[in-house]
Amino acid sequence: MKKRSMSGERAASRLPRLATVLVLSASALVSAAGPVQAAPAMDPLPADIPGYQAALDLVKSADVRDAVCRFLSVPVPQGDEVGAPQQIPDKADPCEGVPAFTVNDPLALNEITPDFVAGTALPVPAQAVRLSHLVSALNAPVNGRNATVMLAPTEGGGWHLAAVRDGDGDAVYAGKAAVGTLVFTEPQIRGWYQLRLTTVEPLNDQARQGLAGRPSVSLSEYQKLVKARYADKLPGSEYDSAGMSSGYGTAGKAEEAPSSTPMLVGGSSAALALAGGAFALRRRRRDTGS
């Protein structure tokens, strides 16, 4: 068996003390994943991802596996169940009764930077796009349901478990990147794009709508589009100060929870957060498009 690196052990050991929730809301512009910014985006090779070995060790760890099992043990609420807390089964072994699964290797999840949105960054890849999270989907559905593990950066340059969510869409799009290209997301509209040198191409319906149906635009033109959409919603703006649960920030404040249990987020039409031993609903619009 491969020996875990010390950095991987330190990252995994943080799991029991986590109280961070990653909110993925179609009405929110802030990604609340903690106070740390990740590195500028690069080619999607493990060698280019800071702390990749620690991230790999973490997603293969027993702690992350148990978190996924706890997540899968409670079905996504439907109909009248939406909004009602659901108790987590109290099992000594969280994976008891859950079919065997494997968590795939982490992939880079890139997003546009606040400075690029504000128009203060140059329209070049190194300033326009940053690595914000790593995502790892399951190798196959478990009882017809897939899930994605999301990692966020730590102050020490490592990674910690930020969320587990239903589906594998983020990992599918992140996996479309190739050497010489970047795949990134515009979180507010759930748009996914591919960047070839300085040409932006849409990968899903939301991105095509974001480009007004055009098959591609230059990075400088795309900057004008996102600036028009979000520049008045940046931190410190009247929109942000009014508490509109929006604003395009670097990394929002992590929500505090009364439990030391890792936060879990998921759902195709709802986001779920695990806190205090029960699931609490966070609504989000259903992802559409391909």
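Everything quoted here is computed from the prediction, not taken from an experiment. (Residues numbered from 1 in each chain as written. Predicted model: local features only at pLDDT ≥ 70, side-chain atom pairs only at ≥ 80, totals over all residues. Heavy atoms only, no water.)

Draft legend 1. Quick look at the overall build of the protein chain. Within the protein chain, the secondary structure is distributed over nine helices and eleven strands. Here the contacts in the protein chain between residues at least 6 apart in sequence split such that 61% fall between residues at least 24 apart. Working note: accessible area of the protein chain is about 13,200 Å², and carbon and sulfur atoms make up 53% of it. (Helix = DSSP H or I, 4+ residues; strand = E, 2+ residues; numbered from the N terminus. Contact = heavy atoms within 4.5 Å. Areas by Shrake-Rupley, 256 points an atom, 1.4 Å probe, with all protein chains shown as cover.)

Draft legend 2. Highlighting the sheet that holds strand E3 (residues 129–137). With mixed pairing, eight strands are arranged side by side in an open sheet as E5-E4-E3-E2-E6-E7-E8-E9. Here the strands that pair on one side only, and so sit at the sheet edges, are strand E5 (159–166) and strand E9 (217–218). Sheet topology places strand E2 (residues 107–112) next to E3; six bridges connect them, and they run antiparallel. When the sheet's bridge partners are listed, Leu 109 is paired in E3 with His 133. The strands touched by helix H3 (residues 62–72) within the sheet are strand E4 (147–153) and E5, with E5 carrying the most contacts at an inclination of about 25°. (Pairing = 2+ DSSP bridges. Axes fitted to C-alpha atoms, helices over the stretch in contact; angles between N-to-C directions.)

Draft legend 3. Summary view of the side chain of Gln 194. For Gln 194, the position within the fold is in strand E7 (residues 191–196). Once you skip the residues sitting within four places of it in the chain, Gln 194 turns out to touch Lys 176, Thr 181, Leu 182, Val 183, Thr 199, Val 200, Glu 201 and Leu 203.

Draft legend 4. Representation of the pattern of salt bridges within the structure. A full pass over the atoms with the stated rule returns nine salt bridges. One salt bridge in this structure joins Arg 130 and Glu 111, with 2.9 Å as the shortest N-O distance. Note that Arg 130 is positioned in strand E3 and Glu 111 in strand E2, a separation of 19 residues in sequence. The residues Arg 130 and Glu 111 share a single accessibility class, namely buried. Each of the salt bridges in this network shares a partner with another, and the network as a whole consists of Arg 165, Asp 170 and Arg 190. (Salt bridge = Lys/Arg side-chain N within 4 Å of Asp/Glu carboxyl O. Buried < 20%, exposed > 50% of the residue type's maximum accessible area, 1.4 Å probe, protein only.)

Draft legend 5. Structural detail: the confidence of the model for the protein chain. On average, residues of the protein chain carry a pLDDT of 74, and 62% of them reach 70 or more. Confidence over residues 1–35 falls short of pLDDT 50; this stretch has 102 contacts with residues more than four positions distant or in other chains. For the stretch residues 243–290, pLDDT sits under 50, and the model shows 167 contacts to residues farther than four places along the chain or on other chains. (pLDDT = per-residue confidence, 0-100.)

Draft legend 6. Molecular detail of helix H8 (residues 219–230). Its twelve residues give H8 an end-to-end C-alpha distance of 16 Å, which sits within 8% of 16 Å, the value for a rise of 1.5 Å per residue. The complete set of buried residues in H8 reads Leu 219, Tyr 222, Gln 223, Leu 225, Val 226 and Tyr 230. End-on view of H8: buried residues confined to an arc of 165°, all on one side of the axis. Exposed residues pointing more than 90 degrees away from the buried face of H8 are listed as Lys 224 and Ala 228. (Expected span 1.5 Å × (residues − 1). Arc of directions from axis to C-beta.)

Draft legend 7. Inspection of the packing of aromatic side chains at higher detail. Scanning the model with the defined rule gives five aromatic pairs in all. Taking 5.4 Å as the distance between ring centres and 15° as the angle between the ring planes, the aromatic pair formed by Tyr 173 and Trp 192 counts as stacked. Residue Tyr 173 is located in helix H6 (residues 169–174), and its partner Trp 192 is located in strand E7; the two are separated by 19 residues in the primary sequence. Of the two residues, Tyr 173 and Trp 192, both sit in the buried class. Consider the rings of Phe 184 and Tyr 193, whose centres lie 5.3 Å apart with planes at 15°: the pair is stacked. Both residues of the pair, Phe 184 and Tyr 193, count as buried. Through a chain of ring-to-ring contacts, three or more aromatic side chains come together here, namely Phe 116, Phe 184, Tyr 193 and Tyr 222. Here the guanidinium or amino end of Arg 65 rests over the ring plane of Phe 101, the centre of that ring lying 4.2 Å away. (Phe/Tyr/Trp six-rings, centres within 6.5 Å; stacked < 30°, edge-to-face > 60°. Lys NZ or Arg CZ within 6 Å of the ring centre and 35° of its normal.)

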